[in-house]
Amino acid sequence: MTAKTPITQDLVTIPRKEKKGEKTNLVGLTRGALQEALIAAGIPERQGKMRAGQVWQWMYQKGVRSFDQMTNLGKELRVRLAETCEIRVPEVVTRQISEDGTRKYLVRIAGGHEVEVVYIPEENRGTLCISSQVGCTLTCSFCHTGTQKLVRNLTAAEIIGQVMIARDDLGEWPKPGVPNPPEARLLSNIVLMGMGEPLYNFENVRDAMKIAMDPEGISLSRRRITLSTSGVVPEIARTAQEIGCLLAVSFHATTDEIRDKLVPINKRWNLETLLAALRAYPKASNSERITFEYVMLKGVNDSDEDAHRLVQLIKGIPAKINLIPFNEWPGSPYERSSNNRIRAFGDIVNAAGYASPVRKPRGEDIMAACGQLRSETERARKSRAQIAKEAGI
Ligand code: SAH
Ligand code: SF4
């Protein structure tokens, strides 16, 4: 394995105000920061909290993007806010709709970078898969995003902005006087399973998810948000304490030898260390169970022995095993396990008492399935030979 993997957290996040004189974007600010921003914009200090609450509701409960529409703020105040502040979400560049109804949005963020967001409709609910970084520092050898170098972390505004633009597209901001209970929503769940490693962008992901959970706004329960990590162990306990959402882990292998190749962060925090952190999670976060994601790669990690080892390893952890048929991408060095193999693997896991649903690939025709995301505009692409070499295969 070449020493490419700079497993580092020293990533650049663009400052909120990129240039002097640029307006302050109110999206993505915590309640406290929103209050400060409004005071800086000239709102009397004693009104800060109340005004922040009003603006918050306009932005996140009603989906309003212009101060003009904020009718419970005085006219003069609205004009003043419009002069120095803005409500800016990422720009949707393209929207593709798959045969199965899955929607993929390519969105552009500051700096001209692009990330992908996927909406997966299901019966009586719908899941939005959002991105946390442009590219990824990690180099999981089966993942398309892993072939793209990290460009930068997304800001909290860009993370929650993905939810806002999806709600725009789905027409899902409540009409005045009509309640919009989460149970009946088109966008009822969020998964942080798009591009990037969310735990290497912890603060921004946390702030954005706090906004998604806020009862006076988008109002999704923490049990409807799932964060998927490749195994950034030191941040797992923090996720429980500071976000409290459900956790999914990209497990994918049952020996350190294989996991080192598939998920190279394993060389930093191996299976034993990871499992110890996972054991503590459900209690710390008060969540029901952890989802173990397991990508099915023909002849690599899909044997009966692997299935038996898996159930031994996770013994005692409240868990669900999500079997993910490998989704191929141009240049990918692996093949998908056969349906029979996936079934046999699932049966073993199931017999040990764990639910083992097979994740149905969605939106494959538009390259929206797990691990297929990357922005084609980012040209820092590795060759097939380089990918295979780094995977040690
Ligand atoms: N970086 C985070 C979240 C994004 S990846 C993480 O690694 O957990 C979301 C899920 O898709 C992960 O479980 C990842 O391992 C899986 N995945 C990546 N590439 C895939 C592929 N080509 N086929 C199937 N699943 C893939
Ligand atoms: Fe990054 Fe997750 Fe892909 Fe690994 S699987 S390269 S951590 S996005």
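Here, every reference points to the structure presented above.
These remarks concern the structure in this document.

## A word on the site of ligand 2
Around ligand 2, the surrounding shell consists of Cys136, Leu138, Cys140, Cys143, Gly146, Gly196 and Ser230. The residue inventory of the shell around ligand 2, partitioned by class, reads four nonpolar, three polar and no charged.

## Details of the side chain of Glu197
Residue position: Glu197 is located in the loop between strand E9 (189-192) and helix H5 (202-213). For the buried residue Glu197, which engages in no salt bridge, the nearest side chain bearing the opposite charge is Arg259, 8.3 Å off. Among the polar contacts made by the side chain of Glu197, one reaches the main-chain amide nitrogen of Ser230 at a distance of 2.8 Å. Those residues within four positions of Glu197 in sequence are excluded, and the remaining contacts are Ser132, Gln133, Cys136, Leu138, Ser228, Thr229, Ser230 and Val232.

## Re unusual backbone geometry
A positive phi angle is found at Asn124, which is not glycine, with a value near 60°. For Ser219, which is not a glycine, the phi torsion comes out positive at approximately 60°. Here Ser219 is to be found in the loop between H5 and strand E10 (225-229).

## Some thoughts on helix H2 (residues 48-61)
The terminal C-alpha atoms of H2 lie 19 Å apart, and with 14 residues this matches the ideal 20 Å at 1.5 Å per residue to within 8%. Where burial is concerned, most of H2 is hidden: ten out of the 14 residues are buried. The inward-facing, buried residues of H2 contact helix H1 (31-40), helix H3 (75-84), helix H4 (156-170) and H5. Downstream of H2 by a residue or two, Gly63 has a phi angle that is positive, lying close to 75°.

## Remarks on the sheet that holds strand E3 (residues 91-97)
Remark on secondary structure: sheet strands pair via backbone hydrogen bonds, oriented parallel or antiparallel. Pairing is mixed across the open sheet formed by nine strands, whose spatial order is E3-E4-E5-E6-E9-E10-E11-E12-E13. Strands with a single pairing partner mark the edges of an open sheet, and in this sheet they are E3 and strand E13 (319-325). Across the sheet, the mean angle separating the axes of adjacent strands is 20° when strand polarity is ignored. Sheet analysis places strand E12 (residues 290-296) next to E13, joined by seven bridges and oriented parallel. Residue pairing across strands places Glu293 opposite Asn322, the latter belonging to E13. Taken strand by strand, H4 contacts E3, strand E4 (103-109), strand E5 (113-122), strand E6 (125-129) and E9, and its axis lies near 130° from that of E4.

## So, helix H9 (residues 304-313)
Every buried residue of H9 is accounted for by Asp306, Ala307, Leu310 and Val311. Seen along its axis, H9 keeps its buried residues to an arc of 130°; they face one direction.

## Examining the site of ligand 1
Of all residues adjacent to ligand 1, which total 22 residues, the nearest are Phe142, Gly196, Ser228, Ser250 and His252. Take Thr229: an N or O atom from its main chain is 3.5 Å from an oxygen atom of ligand 1. Within the backbone of Asn327, a nitrogen or oxygen atom sits 2.9 Å from a nitrogen atom of ligand 1. Computed on the free molecule, ligand 1 has an accessible area of 530 Å², of which 96% lies beneath the protein chains in the complex.

## Overview of the environment of Val55
One can find Val55 in helix H2. Residues Val55 and Gln35, spaced 20 residues apart in sequence, show a C-alpha to C-alpha distance of 9.5 Å. In this view, Val55 contacts Leu26, Leu34, Leu38, Met70 and Leu73; residues no more than four positions away in its chain are not counted.

## Things to note about the pattern of salt bridges
Close approach of charged atoms allows side chains with opposite charge to pair. Overall, the coordinates contain 21 salt bridges when judged by the stated rule. Arg125 serves as the salt-bridge partner of Glu122, at 3.5 Å between the closest nitrogen and oxygen. The class for Arg125 is partly exposed, based on a relative accessible area of 36%. For Asp306, the salt bridge is made with Arg309, and the minimal N-O distance between the two is 3.0 Å. Of this pair, Asp306 and Arg309 both sit in helix H9, three residues apart, which is roughly one turn of the helix. For Arg309, a relative accessible area of 35% gives the class partly exposed. Salt bridges sharing partners connect three or more residues here, namely Glu203, Arg206, Asp207, Glu235, Arg238 and Glu242.

## Focus on the environment of Leu170
Among the secondary structure elements, Leu170 is positioned in helix H4. Each C-alpha atom of the pair Leu170 and Arg185 lies 9.9 Å from the other, and the pair is 15 residues apart in sequence. Not counting residues up to four positions away in its chain, the partners in contact with Leu170 are Arg103, Tyr119, Leu186 and Leu187.

## Observations concerning the packing of aromatic side chains
Summed over the entire model, instances satisfying the criterion amount to four aromatic pairs. Geometrically, the ring pair formed by Phe251 and Phe292 is edge-to-face, given 5.1 Å between the ring centres and 75° between the ring planes. With a gap of 41 residues between them, Phe251 in the loop between strand E11 (246-250) and helix H7 (256-262) and Phe292 in strand E12 connect regions that are remote in the sequence. For the pair shown, Phe251 and Phe292 are each scored as buried. With a centroid separation of 6.2 Å and 90° between ring planes, the pair formed by Phe326 and Tyr334 is classed as edge-to-face. Seen from the ring of Trp58, Lys62 lies directly overhead, with NZ or CZ sitting 4.6 Å from the centre. Over the ring of Trp173 we find Arg167, and its NZ or CZ is 4.6 Å from the ring centre.

## What about the packing of H4 against H5?
For any two helices packed against each other, one specifies the crossing angle of their axes together with the interaxial distance. Packing of H4 against H5 brings their axes to within 8 Å, and their N-to-C directions diverge by 40°. Between H4 and H5, the angle falls in the class oblique. As for how H4 packs across H5, the hand of that crossing is right-handed. For the pair H4 and H5, contact is made by Ala156, Ile159 and Ile160 and by Asn204, Val205, Asp207, Ala208, Met209, Ile211 and Ala212, respectively. Residues belonging to the contact of H4 with H5 are distributed by class as follows: eight nonpolar, one polar and one charged.

Procedures and definitions
- Residues numbered from 1 in each chain as written.
- Chains lettered and ligands numbered in written order.
- Predicted model: local features only at pLDDT ≥ 70, side-chain atom pairs only at ≥ 80, totals over all residues.
- Heavy atoms only, no water.
- Near = heavy atom within 4 Å.
- Nonpolar A, V, L, I, M, F, W, Y, C, P; charged D, E, K, R; others polar.
- Helix = DSSP H or I, 4+ residues; strand = E, 2+ residues; numbered from the N terminus.
- Buried < 20%, exposed > 50% of the residue type's maximum accessible area, 1.4 Å probe, protein only.
- Lys, Arg positive; Asp, Glu negative; His and termini not counted.
- Salt bridge = Lys/Arg side-chain N within 4 Å of Asp/Glu carboxyl O.
- Polar contact = N/O pair within 3.5 Å; in protein donor to acceptor, adjacent residues only side chain to side chain.
- Contact = heavy atoms within 4.5 Å.
- Expected span 1.5 Å × (residues − 1).
- Pairing = 2+ DSSP bridges.
- Axes fitted to C-alpha atoms, helices over the stretch in contact; angles between N-to-C directions.
- Arc of directions from axis to C-beta.
- Areas by Shrake-Rupley, 256 points an atom, 1.4 Å probe, with all protein chains shown as cover.
- Phe/Tyr/Trp six-rings, centres within 6.5 Å; stacked < 30°, edge-to-face > 60°.
- Lys NZ or Arg CZ within 6 Å of the ring centre and 35° of its normal.
- Parallel < 35°, antiparallel > 145°, perpendicular 65-115°, else oblique.
- Left-handed = near helix turned anticlockwise from the far one by under 90°.

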